[in-house]
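# Survey of secondary and tertiary structure
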Amino acid sequence: MTVRVGVIGTGMIGADHVRRLSTVLAGAVVTAITDVDKDRAAAVAERFGGPTVHASGEDVIADAGVDAVVVASWGPTHEEYVLGSIAAGKPVFCEKPLATTPEACSRILDAETAAGRRLVQVGFMRRYDAGYSALKVAAANGSIGVPLLAHMAHRNPAVPPTVTSEMAINDSVVHEIDVTRWLLNEEITAVMILSPKRSRKAAPGLQDPMVVVFRTESGVLVDDELSVNVGYGYDIQAEIVGESGNARLGSGGLSGGAPIVVTNDGGRASAVPADWRERFIGAYDEEFRVWIDDIAAGREASGPSSWDGYAATVVAGACVSALHGAGESAFGGGGGWTTVPLRDRPGFYRR
Ligand code: NAP
């Protein structure tokens, strides 16, 4: 079966997903697209086989020639398109965030539960990266003992001066929130933000770098350094420290694979990816390959669920509250723990 896909939002990542579905992966064809910028949608349609350009996301969902929907529009629009796809009984891949508020995510949980079938997959692509997958195996198979703590770093080469601390949490830290929950197979129950000396490259309104600390249900502590103006490349790191050993992500190979290390002239060097696309291109391909395979086989979505999308939004919200000083601190004025207010996990998402 060839899965006929409709794509809502053909900006940076939406256009890349159209390319991926049209030219990289087997088993899918993009039959319909839309964007608020009609010229942008038309240009993407022309490049990739001429899918129908619709006037709205609702039209894409309703199109009888669309079996499944990709939502890659602006975050605040995600809820209505995900709910519309669930109402139409169509599988939907939603780029992160699932929705921008816990309440909106909760409405999606309720709608999907009422539909009785997992139709939603959220775009947390790091779960499909070869390095993170190996780290998850090491955390679970006893080779390093029981995980006790983890160190992570998310370093971007640069961000536009319009990026605020809140945006950096919602767009960047959210990936470490998801991989922490996934790697350790536990919820994050509390968060703390530490604000070190600011980089001189940080624009006003941006705490750069910042250190976000997660505490999980069993007490594992995860520190995540977010630096967004390092200049030298896109550098993603993760190390899990267990009772009897530790496991660390490779240095971030191109296309997610192991990079080569060149030794010459008295030195040893390996490349750092230029940006997130280069680092995770293999993971994006794999998450869509699995999504398409599940749909073609008539299976429920097996990737990150609505619950994962909900939890990520709630934890990111707690991080923003912590940033604004909501936590209890021995020193006063924030810097202490902020509790993550998760609702009870519906049994539907425990299956
Ligand atoms: P972008 O370049 O701004 O693209 C979003 C596109 O959607 C724009 O063309 C926008 O048009 C359009 N749009 C907005 N509202 C719409 C609506 N109601 N119907 C149809 N089109 C609409 O942003 P992006 O970087 O591609 O990000 C899109 C989403 O993907 C965001 O949620 C982002 O967080 C997520 N994302 C995820 C990853 C990841 O690593 N998983 C990476 C990048 C982005 P206008 O520009 O005219 O508003």
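What the domain assignment lists for the protein is domain 1 (3-124 + 285-303) and domain 2 (126-281 + 311-350). Placing a centre on the C-alpha atoms of domain 1 and another on those of domain 2 gives a separation of 27 Å. Across the boundary between the two partners, domain 1 contributes 27 residues, which contact 17 residues of domain 2. Overall, the association of domain 1 and domain 2 removes approximately 1800 Å² of surface from exposure, summing both partners, and the carbon and sulfur fraction of that is 62%. Counting across the interface, domain 1 meets domain 2 through two salt bridges. Asp110 is the partner of Arg343 in a salt bridge, and the nearest nitrogen-oxygen pair spans 3.1 Å. Broken down by secondary-structure element, the contributors of at least two residues to the side of domain 1 that touches domain 2 are α1 (12-24), α5 (102-115) and α8 (276-296). Top element by residues in the side of domain 1 that touches domain 2 is α5. It accounts for eight residues.

Strand order in the open sheet formed by seven strands is β12-β11-β7-β10-β9-β8-β15, and the pairing between neighbours is mixed. Taken across any chain shown, the strands that pair with only one partner, and hence form the sheet edges, are β12 (246-248) and β15 (338-339). Sheet analysis places strand β7 (residues 147-155) next to strand β10 (residues 221-227), joined by seven bridges and oriented parallel. Bridge pairing links Met152 to Asp224 in β10. Sheet strands in contact with helix α7 (residues 165-184) are β7, β8 (188-194), β9 (210-216), β10 and β11 (235-242), and its direction is about 35 degrees off that of β9. Across the sheet, helix α9 (residues 306-323) touches β8, β9 and β15, and the angle it forms with β8 is around 35 degrees.

α7 packs onto helix α6 (residues 130-140) with a crossing angle of 40 degrees between their chain directions and a minimal axis gap of 8 Å. Considering the angle they form, α6 stands oblique to α7. Where α6 abuts α7, its residues Tyr132, Ser133, Leu135, Lys136 and Ala139 lie against Val179, Trp182 and Leu183.

Here we take up the sheet that holds strand β5 (residues 92-94). Strand order in the open sheet made by the six strands is β3-β2-β1-β4-β5-β6, with parallel pairing throughout. One side of each edge strand has no neighbouring strand; the edge strands of this open sheet are β3 (52-53) and β6 (120-122). Relative to β6, β5 runs parallel, the two sharing three bridges. When the sheet's bridge partners are listed, Cys94 is paired in β6 with Val122. Here α1 sits on the sheet in contact with β1 (3-8), β2 (28-34), β4 (68-71) and β5, set at roughly 155 degrees to β2.

A separate point is the site of the ligand. Around the ligand, the surrounding shell holds 23 residues, and the nearest of these are Ile13, Asp35, Arg40, Tyr81 and Tyr284. One of the backbone N or O atoms of Val36 is found 3.2 Å from a nitrogen atom in the ligand. With respect to the ligand, the backbone of Gly123 contributes an N or O atom lying 3.2 Å from a nitrogen atom. Contact with the protein chains hides 76% of the accessible area of the ligand, taken as 900 Å² for the molecule alone. Mapped by element, the contributors of at least two residues to the shell around the ligand are α1, α4 (78-87) and α8. The residue makeup of the shell around the ligand, split by class, is eleven nonpolar, eight polar and four charged.

Take the environment of Thr23 next. Here Thr23 lies in helix α1. With relative accessibility at 52%, the residue Thr23 sits in the exposed group. The sequence separation of Thr23 and Gly49 amounts to 26 residues, and the corresponding C-alpha distance is 9.8 Å.

Let us look at the environment of Phe93. You can see Phe93 is positioned in strand β5. Given the relative accessible area of 0%, Phe93 is considered buried. Through-space distance from the C-alpha of Phe93 to that of Phe288 is 8.8 Å; in sequence the pair is 195 residues apart. Not counting the four nearest positions on each side in its chain, Phe93 is found in contact with His17, Val69, Val70, Val71, Gln121, Gly123, Glu287, Phe288 and Trp291.

This part takes up a nonpolar patch on the surface. Together, Val146, Leu148, Leu149 and Leu221 give the surface a local cluster of nonpolar side chains, amounting to about 300 Å² of exposed area. On the basis of relative accessible area, Leu148 is assigned to the partly exposed category, the value being 41%.

Below, the discussion takes up α4. Within α4, the full set of buried residues consists of His78, Glu79, Tyr81, Val82, Ser85 and Ile86. Buried-residue contacts for α4 involve β1, α3 (57-62), β4, β5, α5 and β6. Two residues or fewer after α4 comes Gly89, characterised by a positive phi angle close to 70 degrees.

About the cut-offs
Residues numbered from 1 in each chain as written. Predicted model: local features only at pLDDT ≥ 70, side-chain atom pairs only at ≥ 80, totals over all residues. Heavy atoms only, no water. Domains from an automatic or database assignment. Contact = heavy atoms within 4.5 Å. Buried area = accessible area lost by both parts, 1.4 Å probe. Salt bridge = Lys/Arg side-chain N within 4 Å of Asp/Glu carboxyl O. Helix = DSSP H or I, 4+ residues; strand = E, 2+ residues; numbered from the N terminus. Pairing = 2+ DSSP bridges. Axes fitted to C-alpha atoms, helices over the stretch in contact; angles between N-to-C directions. Parallel < 35°, antiparallel > 145°, perpendicular 65-115°, else oblique. Near = heavy atom within 4 Å. Polar contact = N/O pair within 3.5 Å; in protein donor to acceptor, adjacent residues only side chain to side chain. Areas by Shrake-Rupley, 256 points an atom, 1.4 Å probe, with all protein chains shown as cover. Nonpolar A, V, L, I, M, F, W, Y, C, P; charged D, E, K, R; others polar. Buried < 20%, exposed > 50% of the residue type's maximum accessible area, 1.4 Å probe, protein only. Patch = residues over 30% accessible without salt bridge, like charges linked within 9 Å, V, L, I, M, F, W, Y side chains within 5 Å.

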